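Below, each chain spelled out in residue letters.
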Amino acid sequence: MSSKIRVQRICQHCNNEFTARTTVTKYCSDNCAKKAYKARKRAEKIEQSNKATIQVKQRSVLEVQNKEFLNVADVAVLLGCSKRTVYRLIDSGTIKAVNLGERLTRIMKYELIDLMEQSKPKPKAIEYTIEDCYKLTEIKDRYGLSDNGLHKIIQRNNIPKIKKGWYTYVPKQIIDQVLHQVV
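All of the points below concern the structure found in this document. What you see is a predicted model; the values in this text were computed from it and never measured. Each residue is numbered by its place in its chain's sequence as written, counting from 1. Note on the predicted model: pLDDT of at least 70 is required for a residue's local features to be given, and 80 or more for side-chain atom pairs to be given and counted; whole-chain, interface and lining totals, by contrast, use all residues. For the side-chain quantities, the full set of heavy atoms in the structure was used; hydrogens and water were omitted.

**Regarding helix H1 (residues 30-65)**
Okay, step 1: Helix numbering and strand numbering both begin at the N terminus, where a helix is a DSSP run of H or I of at least 4 residues and a strand a DSSP run of E of at least 2. By this rule the span expected of a helix is its residue count minus one, scaled by 1.5 Å. Taking 1.5 Å per residue as the helical rise, H1 with its 36 residues ought to reach 52 Å, and the 53 Å between its terminal C-alpha atoms agrees with that figure.
Okay, step 2: Within H1, the full set of buried residues consists of Cys32, Ala36 and Val64.
Okay, step 3: Here, residues are in contact when the closest pair of their heavy atoms is within 4.5 Å. On its buried face, H1 is in contact with strand S3 (69-70) and helix H2 (72-79). Burial here depends on accessible area, computed with a 1.4 Å probe over protein chains only, as a share of the maximum for the residue type. Under 20% is buried, over 50% is exposed, and the range in between is partly exposed.

In structure tokens form, the structure reads like this:
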């Protein structure tokens, strides 16, 4: 049984206009269908290869993380740098290493952990005076907030609180910035 349907379509491979005899036809010819199939299969192979590469990289990092004594190549994998950079860090004394012989340079894993801890920026605690702060009741009256709403805003934005006697104070500068963004 033949179909009498004639639909104008655009080929999904070559973008040429053609007349299709069914409503599901995507390509203008068998040649375009074959080329599109090959392109689809090629893309699948590339995607599969990329996934395999990522898995190999992740596996090597996991294997290195389980070792207590690391060689230069392992340290380079963990730090995401070249072996030459690791040797420069060893020569400068940034990383402590032991040379057990030719091609036997070993680094303890805790040395890298200590290195990372030292390189973390330490936040500076800002000291606020009570003159630079609002009482919680002042904030509620000024911005028309409930107790619960104000406490949630303070908690969500990690705003420092100062307790002095019966009163709790919050820095004016920070609370004004937060509440002007919300309002």
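**A few points about unusual backbone geometry**
Excluding glycine, a negative phi dihedral is what most residues carry, and trans is how most peptide bonds are arranged.
Okay, step 1: Even without glycine at this site, Asn15 takes up a positive phi of about 65 degrees.
Okay, step 2: Note on placement: Asn15 falls in the loop between strand S1 (7-10) and strand S2 (17-20).
Okay, step 3: A relative accessible area of 58% places Asn15 in the exposed class.
Okay, step 4: Residues other than glycine seldom take positive phi values, yet Arg103 does so here, at roughly 60 degrees.
Okay, step 5: By the secondary structure assignment, Arg103 is in the loop between strand S4 (98-99) and strand S5 (105-108).

**Points about the environment of Arg6**
Okay, step 1: Of note, Arg6 is situated in the segment before S1.
Okay, step 2: Using a relative accessible area of 53% as the deciding quantity, one classes Arg6 as exposed.
Okay, step 3: When the C-alpha positions of Arg6 and Arg21 are compared, they lie 5.1 Å apart, and in sequence the two are 15 residues distant.

**Re the sheet that holds S3**
Okay, step 1: As summarised here, the arrangement of the three strands in space is S3-S5-S4, forming an open sheet in which the pairing is antiparallel. The strands lining the two open edges of the sheet, one partner per strand, are S3 and S4.
Okay, step 2: Of the strand pairs in this sheet, S4 and S5 are connected by two bridges, and their pairing is antiparallel. By the bridge assignment, Val98 is partnered in S5 with Arg106. Only strands joined by at least two bridges in the DSSP assignment are considered to pair.

**Considering the state of the cysteines**
Okay, step 1: Cysteine sulfur pairs qualify as disulfides if the two atoms are within 2.5 Å. Across all of its chains, the model carries zero disulfides by this definition.
Okay, step 2: Here Cys14 stays unpaired: no disulfide links it, and the sulfur of Cys11, its closest cysteine neighbor, is 3.5 Å away.
Okay, step 3: Here Cys32 stays unpaired: no disulfide links it, and the sulfur of Cys28, its closest cysteine neighbor, is 3.6 Å away.

**Comments concerning the packing of H1 against H2**
Okay, step 1: Axis lines are fitted through C-alpha atoms, for helices just across the contact stretch, and the angle between N-to-C directions can take any value from 0 to 180 degrees. Where H1 contacts H2, the axes come no closer than 10 Å and their chain directions differ by 120 degrees. Relative to H2, H1 is oriented so that their crossing is left-handed. Residues Ser60, Val61, Val64 and Gln65 of H1 lie in contact with H2, whose contacting residues are Asp74, Val77 and Leu78.
Okay, step 2: Class assignment of the residues belonging to the contact of H1 with H2 gives a composition of four nonpolar, two polar and one charged. With the far helix as reference, a near helix turned anticlockwise by less than a right angle produces a left-handed crossing, and one turned clockwise produces a right-handed crossing. Polarity classes work like this: nonpolar for Ala, Val, Leu, Ile, Met, Phe, Trp, Tyr, Cys and Pro, charged for Asp, Glu, Lys and Arg, and polar for all others, with Gly in that last group.

**What to know about the nonpolar core**
Okay, step 1: To qualify as a nonpolar core, a set must consist of buried Ala, Val, Leu, Ile, Met, Phe, Trp, Tyr and Cys residues joined through side-chain atoms within 4.5 Å. The biggest cluster of nonpolar side chains holds 13 residues, and the ones touching the most others in it are Ile139, Ile154, Ile159, Val170 and Ile175.
Okay, step 2: Of all elements in the fold, only helix H5 (136-143), helix H6 (147-156) and helix H7 (172-182) reach the threshold of two or more residues within this core.
Okay, step 3: In terms of residues, this core owes the most to one element, H7, which gives four residues.
Okay, step 4: Grouped together as the second largest cluster of nonpolar side chains are eleven residues, Val64, Val86, Ile107 and Leu115 included.

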